[in-house]
Amino acid sequence: MSVTAPTPTTGSNPAPPPRSRERIPQERNKVLVFGGMALAGFAFPFLIQAFLKGTDYISVISTANSIFVYILLALGLNIVVGYAGLLDLGYAAFFAIGAYTMAFLTSASSPLAGTPFHTNFWIALPISFLMAALFGVLLGAPTLGLKGDYLAIVTLGFGEIVPITFNNLTQLTGGDSGLSNLDQPPFPLVEFSPTNPIPWYTLSLIVVIFSIWMVRRLIDSRIGRAWQALREDEIAASAMGLDLVKTKLLAFGMGASFAGFAGAIYAGSINTANPSQFRFDVSIIVLAMVILGGMGNLWGVIVGALVIQLLDRLLIPSLLDTVGGAGQDIIKTNGKGDFFGQLLINISSSQTRLLIFGLLLVSMMLLRPEGLFPNSRRRMELHDGDENGSQRRLNKLQKWLTDTGIWTFRATDEKDLQPQLGLTDDPLEQAERSHNINYNPSVNESSDPDDDKDKR
Amino acid sequence: MDLLLDAKDVSKVFGGLTAVNKVDFNIPARTIVSLIGPNGAGKTTFFNLMTGIYAPTTGTVLFNGQPLIGLKPHEVTQRGIARTFQNIRLFSNMTALENVLVGQHSRLKTGLFGAITRSPKVKQEEQMARDKGLELLELCGLKGKDEEFAKNLSYGDQRRLEIARALGTNPSLLLLDEPTAGMNPNETARLTRLVQTLRDERGLTVLLIEHDMKVVMEISDRVTVLSFGRKIAEGLPEEIKTNSEVIEAYLGKAYAQTATEKAKES
């Protein structure tokens, strides 16, 4: 029985409706701003060199270099978490794989040293990137059926396994001390070296610019739309013809390849790869960058990476130094047994930075879950309701603190909590509620098969 | 008449519950067929069997003469079946146009490499997809709303956007799961006209699950009635209206008897 299916056509192609909106000038402005920033980025090391005498500038530029590496990581994780909506808590694993591939191929202490397989940086770079992408897909494959918390736990495990494996494969990776003395990339006229960070800085900057350009194109394409559809609703996405397996693996592979690049450059620039550089806190810090900046927003994520790296490398250390110094002073005047002085010295330990990040992450989730820079179009819509939104979340926080008994607010605050309990007169909230619930008066079938599917 | 979809002896068992029980069902090409029945009759389960979300326990489903069983949802879509959802499942944080573009996913070819390089061919494909998306939005009465986020559209617009998105997959068979649920009479009338346009002008075949009998009787070429997973009646809308088993399923035995007697008297 063969049936000629009626092939619906798009009709006789009507004249394309004019694409109005002020999109084009906006785009041009963005390109100008971006170009300006890139130029400033390239000029930065020379300016610093001119202003800071001696060796100070080297540490500034190495810091800037590692900021770029983290921006790269954040860009990659943003693809997986921000666009495709797959929560990955083991992202440092791919960073480690990139770095170790680079070190294994180019380090003087690697078992390959002296064999024909010992390669130079430029050949090892694409190999590192491919290795990371491969492992991204390998990790992705067994987790295809998992979502949300379950996926997070599997990736968490992977993030732990990889550095531990590198640590224990002493024969291949040098164990605890890792691999060092990597071949520096040969390049005409420019000498890469661990003590001269400017070429490394420039290389990282070029890679970051290229990555931004690439992500922008990817996101506004068939592939990027598929990732976002996956994040929004898997069942609807597959009903619209998306191959979930392909789309997910592509997201994992793409995200991991960014980390592979970042790892290779990082290992090369600091001239070593060892397991302690890729612990769990790296995954969390990169995740914090993505969340702080605003998931799924390219520029927000970059700002998030900048803010967190600056906090991590400049602000928090100097803050802790000050606290520690104050503690020392107190002990000097009051004697060794002074509790407060000891406390301050303990606080000033480097582990406190994780506490600060934890607090930052928690308060971010409570007060501004959409990040510092949510999707620009969305922000425009929320523009006049934004203050209400923050106020609402503040109320939520107060309510939570009250409910859990951590803190009780005075009676006047109780009034502020009222809108939370009953109906709200905030139009924004009303809109949010009515749209999110998908209220459908005719749905009262005892079993909703779509829900069944979710559980499988 | 050419059969676009032909299901034979289809059953689906969930644990101890037989949601669909040995149903024979077919859809002739270029018709609007409605699937009705009381709540819990197995209509949506039947839909999910057609679209690959469930695999039937027994039975065969042929689409265009090709077996559908065992295909994944996206493969079913690629063969030309598109659907909407009873409880709206739009991509809420994407614009209306982007929703329709995702619908066109399986008809576009751009891969990873093409997306990054953006060759003229890719650009042309993208432009054509956008034009088609805008055209479909206009067809579904969403002109000028292409840049709106799906979640910010009104309820009726969201229902229409689901149809536009499904049309993006370029289907020959469109499955609509309660498209007029929650709509006011005005919106319902517009939607009814839209479905008719799809059949008459675009040659689409439509399978409709619907509770609004006015809509069902107005636009259906054929009506099939399910009750407790069984097919209890099938035929033209007029026949279904007077079928005593159908009246019984909806209103109970006592009413069905009086109704049949009344019909005999008159």
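Residues numbered from 1 in each chain as written. Chains lettered and ligands numbered in written order. Predicted model: local features only at pLDDT ≥ 70, side-chain atom pairs only at ≥ 80, totals over all residues.

A separate point is the overall build of chain A. Scanning chain A from N- to C-terminus turns up 19 helices and two strands. In chain A, which comprises 456 residues, the share counted as buried stands at 35%. Considering only intrachain contacts with a sequence separation of at least 6, the fraction spanning at least 24 residues in chain A is 75%. (Helix = DSSP H or I, 4+ residues; strand = E, 2+ residues; numbered from the N terminus. Buried ≥ 20, exposed ≤ 12 C-beta atoms within 10 Å, placed from the backbone. Contact = placed C-beta atoms within 7 Å.)

The next point concerns the overall build of chain B. A count of helices and strands for chain B gives 11 helices and 10 strands. On C-alpha atoms alone, chain B measures out to a radius of gyration of 20 Å, which is about the 18 Å that the 2.2 N^0.38 rule sets for 266 residues. When burial is assessed residue by residue, chain B has 50% of its 266 residues classed as buried. Contacts in chain B between residues far apart in sequence, at least 24 positions, make up 66% of those at least 6 positions apart. (Rg over C-alpha atoms; globule rule 2.2 N^0.38 Å.)

Looking now at unusual backbone geometry. Residues and elements named next belong to chain B. One non-glycine residue, aspartate 9, lies in positive phi territory at about 55 degrees. Assignment of secondary structure puts aspartate 9 in strand β1 (residues 3–14). Judged by local crowding, aspartate 9 falls into the partly exposed class, with 13 C-beta atoms found within 10 Å. Despite not being glycine, asparagine 170 has its phi angle at roughly 55 degrees, a positive value. Given 21 C-beta atoms within 10 Å, asparagine 170 falls into the buried group.

So, on to the sheet that holds strand β6 (residues 81–83) of chain B. Adjacent strands of a sheet pair through backbone hydrogen bonds, lying either parallel or antiparallel. Residues and elements named next belong to chain B. Taken together, the six strands give an open sheet; going across it, the order is β6-β7-β8-β3-β9-β10, and neighbouring strands pair in mixed fashion. Looking along the sheet, the strands with just one partner apiece sit at the ends: β6 and β10 (230–235). Along the sheet, successive strands turn relative to each other by an average axial angle of 20 degrees, direction set aside. With three bridges connecting them, β6 and strand β7 (residues 173–177) associate as parallel partners. (Pairing = 2+ DSSP bridges. Axes fitted to C-alpha atoms, helices over the stretch in contact; angles between N-to-C directions.)

This part covers the sheet that holds strand β4 (residues 58–63) of chain B. Residue and element names in this part refer to chain B. With antiparallel pairing, four strands are arranged side by side in an open sheet as β2-β1-β4-β5. Of all the strands in the sheet, just β2 (17–28) and β5 (66–67) have a single pairing partner and so form its edges. Pairing of β1 with β4 involves five bridges; the strand directions are antiparallel. Each bridged residue has a counterpart across the sheet, and for lysine 8 the counterpart in β4 is threonine 60. Contacts from helix α1 (residues 43–50) reach β1, β2 and β4 within the one sheet, and its direction differs from that of β2 by about 65 degrees.

Turning our attention to the environment of tryptophan 122 of chain A. Relative to the assigned elements, tryptophan 122 of chain A resides in helix α4 (residues 121–140). Between the C-alpha atoms of tryptophan 122 of chain A and glutamine 184 of chain A, which are 62 residues apart in sequence, the distance is 9.6 Å.

This brings us to the packing of helix α2 (residues 56–83) of chain A against helix α7 (residues 197–219) of chain A. All names here are of chain A. The geometry of α2 relative to α7 is characterised by a closest axis approach of 9 Å and an angle of 20 degrees between their N-to-C directions. In this view, α2 runs roughly parallel relative to α7, as classed from their interaxial angle. For the pair α2 and α7, the crossing hand works out as left-handed. Of the residues in α7, those in contact with Ile58, Ile61, Ser62, Ala64, Asn65, Phe68, Val69, Ile71, Leu72, Leu75, Ile79 and Tyr83 of α2 are Pro197, Ile198, Trp200, Tyr201, Ser204, Leu205, Val207, Val208, Ser211, Val215 and Ile219. Per-class residue counts for the contact of α2 with α7 are 19 nonpolar, four polar and no charged. (Parallel < 35°, antiparallel > 145°, perpendicular 65-115°, else oblique. Left-handed = near helix turned anticlockwise from the far one by under 90°. Nonpolar A, V, L, I, M, F, W, Y, C, P; charged D, E, K, R; others polar.)

Bringing the packing of helix α11 (residues 280–293) of chain A against helix α14 (residues 352–367) of chain A into the picture now. Residues and elements named next belong to chain A. Closest axis-to-axis distance for the α11/α14 pair is 11 Å, and the angle between their directions is 35 degrees. In the crossing of α11 with α14, the sense of the turn from one axis to the other is left-handed. When α11 is examined against α14, the residues Asp281, Ile285, Ala288, Ile291 and Leu292 are found in contact with a partner set consisting of Leu354, Phe357, Leu360, Leu361 and Met364. Looking at the contact of α11 with α14 residue by residue, the class counts come to nine nonpolar, no polar and one charged.

Here we come to the nonpolar core. All names here are of chain A. Core analysis: the largest hydrophobic core is formed by 170 residues, its most contacted members being Leu72, Leu73, Ala74, Phe95, Val286 and Met289. For this core, the leading source of residues is α2, giving 16 residues. If sequence neighbours within four positions are ignored, methionine 289 has contacts with Tyr70, Ala74, Val301, Gly304, Ala305 and Ile308. (Core = buried A, V, L, I, M, F, W, Y, C linked by C-beta atoms within 7 Å.)

We now examine the confidence of the model for chain A. Caution applies to low-pLDDT parts of the model: their predicted coordinates are not meant to be read in detail. Residues and elements named next belong to chain A. Across chain A, the average pLDDT comes to 79, with 78% of residues at or above 70. With pLDDT under 50 throughout, residues 1–22 is counted as low confidence; its partners more than four residues away or in other chains account for 30 contacts. Low confidence marks residues 436–456, where pLDDT is under 50. Its contacts with residues over four positions away, or in another chain, come to 27 contacts. (pLDDT = per-residue confidence, 0-100.)

Take the pairing of β4 of chain B next. Residue and element names in this part refer to chain B. Both β4 and β5 contribute to a ladder of two bridges, which runs antiparallel. The partner of phenylalanine 63 across the bridge, within β5, is glutamine 66. Taking the residues between adjacent antiparallel strands as the criterion, β4 and β5 are bridged by two residues, where asparagine 64 takes a positive phi near 55 degrees.

What follows concerns helix α11 (residues 253–265) of chain B. The periodicity of an α-helix, 3.6 residues per turn, causes residues three or four places apart in sequence to face the same way. With 13 residues, α11 of chain B ought to run about 18 Å at 1.5 Å a step, and its terminal C-alpha atoms sit 19 Å apart, in line with that. Burial of α11 of chain B is sparse: only zero of the 13 residues sit out of reach of the surface. (Expected span 1.5 Å × (residues − 1).)

Now for the pairing of strand β9 (residues 222–227) of chain B. Residue and element names in this part refer to chain B. With four bridges joining them, strand β3 (residues 32–36) and β9 adopt parallel strand pairing. When the sheet's bridge partners are listed, serine 34 is paired in β9 with valine 223. By the bridge criterion, five bridges tie β9 to β10 in an arrangement that is antiparallel. Within the sheet, the bridge partner assigned to valine 225 lies in β10 and is alanine 233. Here β9 folds back onto β10, and the loop between the two strands holds two residues, one of which, phenylalanine 228, carries a positive phi near 45 degrees.

Residues and elements named next belong to chain A. Tracing the chain through its elements places leucine 130 in helix α4. On the neighbour-count criterion, leucine 130 (15 C-beta atoms within 10 Å) is partly exposed. Distance from leucine 130 to serine 257, taken between C-alpha atoms, is 6.6 Å for residues 127 residues apart in sequence.

What follows concerns the confidence of the model for chain B. All names here are of chain B. Model confidence for chain B is summarised by a mean pLDDT of 89, while 99% of its residues fall at 70 or above. Averaged pLDDT values for the elements of chain B fall to 74 in α11 and rise to 95 in helix α3 (residues 96–103). As scored by the predictor, the complex reaches a pTM of 0.80 and an ipTM of 0.89.

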